[in-house]
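Descriptive analysis of the structure
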Amino acid sequence: MQTASTNICERMGHSQELSEFKRGTVIGCHLCNKSICEFSLLLNIPRSTVSGIITKWKQLETTATQPRSGRPHKMTERCQCMLKLTVRRSSLSAESLAKDLQTWCGLQISTTTVRRELHGMGFHGRAAASKPYITNCNAMRRMQWGKARCHWTREGYLPECIVPSVKF
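Note that this is a predicted model, so its numbers are computed, not measured. (Residues numbered from 1 in each chain as written. Predicted model: local features only at pLDDT ≥ 70, side-chain atom pairs only at ≥ 80, totals over all residues. Heavy atoms only, no water.)

1. A look at the pattern of salt bridges
Going through the model one piece at a time under the given rule, you end up with two salt bridges. A salt bridge links E20 to R23; the shortest N-O distance between them is 3.4 Å. Here the residue E20 and the residue R23 both occupy positions in helix α2 (residues 20–31), the gap between them amounting to three residues, near one helical turn. The shortest N-O distance in the salt bridge between E95 and R115 comes to 3.4 Å. Of the two residues, E95 sits in helix α6 (residues 94–105) while R115 sits in helix α7 (residues 111–121), which places them 20 residues apart along the sequence. What makes R115 partly exposed here is its relative accessible area of 39%. (Salt bridge = Lys/Arg side-chain N within 4 Å of Asp/Glu carboxyl O. Helix = DSSP H or I, 4+ residues; strand = E, 2+ residues; numbered from the N terminus. Buried < 20%, exposed > 50% of the residue type's maximum accessible area, 1.4 Å probe, protein only.)

Rendered as structure tokens:
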């Protein structure tokens, strides 16, 4: 049995932009004096979307997609691919990568932008975990300790109270 909340979630999808053809069809139906409800059902498009297309057509006299707000990306896809290949081949600093991109792509890019792009690609600069230093003397002692106990069995070094007695 479906609850009301799952039913609503199934109906709600991600919004997608209509094709130029469908938007033209909406305007054609509008010019033929059909009601919004009629061609909303006919084209299987929500009424709010249909009315939005008509309003936009009346204001701008076009149904083409308008440019979005916001600053465009500084790096092109080609520059991103070059950056990814360079990082995979050799581990360079962000400063040297920014200089390399400046010569390859002709872009004036800051090191912060390079780091942001690398983080977006999944590359993160982290310091390696430090390994404890073992002197030659300690290495020999550890090896002797291991060799002296390599033939031990479970029963050989555990007290009897811990070893379970199994009866079949």
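2. A few points about the nonpolar core
Of all hydrophobic cores here, the largest spans 12 residues; its members are M75, C79, L83, V87, A94, L97, A98, L101, L107, I109, V114 and L118. It is α6 that provides the largest number of residues to this core, a total of four residues. Here C79 is in contact with L101, C105 and L107, once residues within four sequence places are set aside. Grouped together as the second largest cluster of nonpolar side chains are nine residues, C29, L43, I45 and I53 included. (Core = buried A, V, L, I, M, F, W, Y, C linked by side-chain atoms within 4.5 Å. Contact = heavy atoms within 4.5 Å.)

3. Remarks on the confidence of the model for the protein chain
For residues with low pLDDT, the predicted coordinates do not support detailed interpretation. Per-residue confidence for the protein chain gives a mean pLDDT of 80, with 83% of residues at or over 70. Per-element confidence in the protein chain ranges from a low mean pLDDT of 44 for helix α1 (residues 4–11) to a high of 91 for α7. Across residues 1–11, where pLDDT falls below 50, the model places two contacts with residues more than four positions away in sequence or in other chains. This model gives residues 158–163 a pLDDT under 50, and the stretch forms two contacts once residues within four places in sequence are excluded. (pLDDT = per-residue confidence, 0-100.)

4. Topic: the packing of helix α3 (residues 36–43) against helix α4 (residues 47–60)
Each pair of packed helices gets described by two things: the angle between the helix axes and the distance between those axes. Orientation of α3 relative to α4, taken along the N-to-C sense of each, is 115 degrees, at an axis distance of 9 Å. With respect to each other, α3 and α4 are oriented roughly perpendicular. The handedness of the crossing between α3 and α4 is right-handed. Contacts from I36, C37, F39 and S40 of α3 reach α4 at R47, V50, S51 and I54. A breakdown of the residues in the contact of α3 with α4 according to their chemical character gives five nonpolar, two polar and one charged. (Axes fitted to C-alpha atoms, helices over the stretch in contact; angles between N-to-C directions. Parallel < 35°, antiparallel > 145°, perpendicular 65-115°, else oblique. Left-handed = near helix turned anticlockwise from the far one by under 90°. Nonpolar A, V, L, I, M, F, W, Y, C, P; charged D, E, K, R; others polar.)

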